[in-house]
Amino acid sequence: MPIEFEAPKPIVQTQFMLKTVVDEMMRPRSRYFDEHEHEVPWDYIEFMHLAMKASGGSSLAPRENGNGKDGDEKEKRPRIGYQLIAAQIESLAYGDLGMYHCLPGGALGAAAVHAAGTPEQKEKFLARFKDEKPTFAAMCITEAGAGSDNSAIRTRAVLDEKTNEWVINGEKIFVTGGDKSFSEYEKLGNGFIVVWATIDPSAGRAGMRAFVVEGGTPGVRIVKLEHKLGIRVSDTAAISLVDARVPFENILGSATVEKSTSGFRGAMATFDATRPLVAASGIGVARAALEFLKEKLEENGVKIQYGLPRQKLSNIEREVIDMEIMLKSAWLMVIKATWMADNKKPNALEASMSKVKSGDVTTKITQKVVEILGPLGYSREFLAEKWMRDAKITDIYEGTGQINRLVVARQILGYSGSELR
Ligand SMILES: Cc1cc2nc3c(=O)[nH]c(=O)nc-3n(C[C@H](O)[C@H](O)[C@H](O)COP(=O)(O)OP(=O)(O)OC[C@H]3O[C@@H](n4cnc5c(N)ncnc54)[C@H](O)[C@@H]3O)c2cc1C
């Protein structure tokens, strides 16, 4: 089969459409929301919700069957569900990474339901994103003593056999969109958070399970919203759960603890799907910075010359071209990882590789842009310094650069988590 490097038509169309959103709704307010941390861009949220509904999608969460149905003989087009989402995310992050995180829809919460839920649970919990009101979901795995090593979580879920409910106790931190998913549920639709807990602490990873906790559940409280370096418009919540009761059927996957680590694998499967998307978001920020640099250079009479031998280029031209190469190669890794997800091929290696590469490239490019622009880069008059602050998070959440390097090494060398840590 020939390799096709042209982006499929739906991707080109969505990129074109989202450029208008970037120009009209994101960029003009990027600075405002950076300076007014925790203010919610409601009009953007409502607009995006309506726009997504009008275009037939309820969220940017992947549809179960990509763009084609399993076993549908008439559907001959290649599946591009994840590739399309990656392109959308790249485009929105190019506008503003924090505002992209304010997009209504399931985000990591829905991704966890996709990865660990049964078909009935997917049907039940994901339908709400098509509702009239914008609806959010978040995923809470990180705890004070369990970030990179999330198998160390201490949040506990115990089954109350009398009521057939799970009783959950624990403290979660750094939950993206936690507030919008949980406590803003009156203004918004019926949001939920997916809480990872252990049902058997003695079983280690085999005891880990995810629970859908509906917005407003008694016993669950947003303890604080983080003040952050970047993506300041996106709420990052600390959440406490004290005797929070959820129905038995809200446990994602099996309630039986066997020797298998299927619960933990559910968490990891979520990341196989979402790490390339985080990589895509970083690339959007880096592209924004690089395009801005080229624009400023041109305004000052420096137009990058392509096709000349390297020794004939100025230092600035070499730096810009090198950054473009870095950006394009990082994007190709995103395409590979998402193409594999679309084609239901195991992509743990490629997902982590794409995230490592993008985290590095994005951090380097945004810093370099500030460096080359000098005072213009450092000034708050322009967004370059903000992009540098925003970019770093893509190398931290959903597995830091170091952790994803470990995942890559384990996959290539054939070591388990306990053999290479
Ligand atoms: C803005 C933001 C949003 C977030 N959103 C979410 C969310 O929605 N849901 C959620 O559950 N979590 C979320 N997180 C948490 C994020 O995923 C964790 O912060 C991240 O996984 C790192 O965990 P940690 O903070 O405990 O750091 P640690 O694990 O303590 O790591 C600290 C440093 O040590 C390094 N390190 C750790 N172990 C190793 C090792 N074995 N080898 C080499 N180096 C190592 C790390 O790479 C890092 O540099 C978010 C975090 C932030 C900042």
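Everything that follows concerns the structure shown earlier in this document.
Everything numeric here is computed off the predicted structure, so don't read it as measured data.

K.L.:
Outline the overall build of the chain, listing residues and values.
P.N.:
In terms of helices and strands, the chain carries 13 helices and 8 strands. Computed over C-alpha atoms, the radius of gyration of the chain comes to 22 Å, within 12% of the 22 Å expected from 2.2 N^0.38 for 421 residues, which places it in the range of a compact globule. With respect to the principal axes defined by its C-alpha atoms, the chain has extents near 75 × 45 × 45 Å. Here the analysis covers contacts within the chain between residues at least 6 apart in sequence; of these, 74% occur between residues at least 24 apart. Surface exposure of the chain reaches about 20000 Å², of which carbon and sulfur atoms provide 55%. Averaging the coordinates of the 55 positive side-chain charges in the chain and doing the same for the 56 negative ones gives two points 4 Å apart.

K.L.:
Kindly report on the nonpolar core, identifying the contributing residues and their values.
P.N.:
Ranked by internal contacts, the top residues of the largest apolar core, which has 57 residues, are Val21, Tyr44, Leu92, Leu293, Ile365 and Val369. Not counting the four nearest positions on each side in its chain, Ile365 is found in contact with Ala286, Leu290, Met323, Met326 and Leu327. By size, the runner-up hydrophobic cluster in this structure holds 22 residues, among which are Phe125, Phe129, Leu252 and Ala267.

K.L.:
Quick rundown of the packing of helix 1 (residues 9–35) against helix 12 (residues 384–391)? Include the residues and the values.
P.N.:
Direction vectors running N to C along helix 1 and helix 12 enclose 70 degrees, while the axes themselves pass 11 Å from each other. The angle between the axes of helix 1 and helix 12 places the two elements in the roughly perpendicular class. With respect to the hand of their crossing, helix 1 and helix 12 are arranged in left-handed fashion. Each of Arg27, Ser30, Arg31 and Asp34 in helix 1 lies in contact with helix 12, whose residues at this interface are Glu385, Lys386, Trp387 and Arg389.

K.L.:
Hey, could you go over helix 2 (residues 42–54) for me, with residue numbers and the actual values?
P.N.:
Over its 13 residues, helix 2 extends 18 Å from the first C-alpha to the last, a length consistent with the 18 Å expected when each residue adds 1.5 Å. Considered for burial, the residues of helix 2 that qualify are Tyr44, Ile45, Met48, His49 and Met52. In a view along the axis of helix 2, the buried residues occupy a sector of 135 degrees, so they form one face of it. Among the exposed residues of helix 2, those pointing more than 90 degrees away from its buried face are Leu50 and Ala54. On its buried face, helix 2 sits against helix 1, helix 3 (81–95), helix 4 (97–101) and helix 7 (178–182).

K.L.:
How would you summarise the pattern of salt bridges if you had to cite specific residues and measurements?
P.N.:
Within the structure shown, the criterion is met by 28 salt bridges. Salt-bridge contacts for Arg380 lead to Glu35; the nearest nitrogen and oxygen are separated by 3.4 Å. Taken together, the residues Arg380 in the loop between helix 11 (375–378) and helix 12 and Glu35 in helix 1 connect sequence positions 345 residues apart. The class of Arg380 is partly exposed, set by a relative accessible area of 43%. Where Arg128 meets Glu214, a salt bridge forms, and the shortest distance between an N and an O atom there is 2.7 Å. Of this pair, Arg128 sits in the loop between helix 6 (119–126) and strand 1 (137–140) while Glu214 sits in strand 5 (residues 208–214), and the two are 86 residues apart along the sequence. By relative accessible area, Glu214 is classed as partly exposed at 25%. Overlapping salt bridges, with partners in common, bring together Arg31, Asp34, Glu35, Arg380, Glu385 and Arg389 in one network.

What counts, and where the lines are drawn
- Residues numbered from 1 in each chain as written.
- Predicted model: local features only at pLDDT ≥ 70, side-chain atom pairs only at ≥ 80, totals over all residues.
- Heavy atoms only, no water.
- Helix = DSSP H or I, 4+ residues; strand = E, 2+ residues; numbered from the N terminus.
- Rg over C-alpha atoms; globule rule 2.2 N^0.38 Å.
- Contact = heavy atoms within 4.5 Å.
- Areas by Shrake-Rupley, 256 points an atom, 1.4 Å probe, with all protein chains shown as cover.
- Lys, Arg positive; Asp, Glu negative; His and termini not counted.
- Charge placed at Lys NZ, Arg CZ, Asp CG, Glu CD.
- Core = buried A, V, L, I, M, F, W, Y, C linked by side-chain atoms within 4.5 Å.
- Buried < 20%, exposed > 50% of the residue type's maximum accessible area, 1.4 Å probe, protein only.
- Axes fitted to C-alpha atoms, helices over the stretch in contact; angles between N-to-C directions.
- Parallel < 35°, antiparallel > 145°, perpendicular 65-115°, else oblique.
- Left-handed = near helix turned anticlockwise from the far one by under 90°.
- Expected span 1.5 Å × (residues − 1).
- Arc of directions from axis to C-beta.
- Salt bridge = Lys/Arg side-chain N within 4 Å of Asp/Glu carboxyl O.

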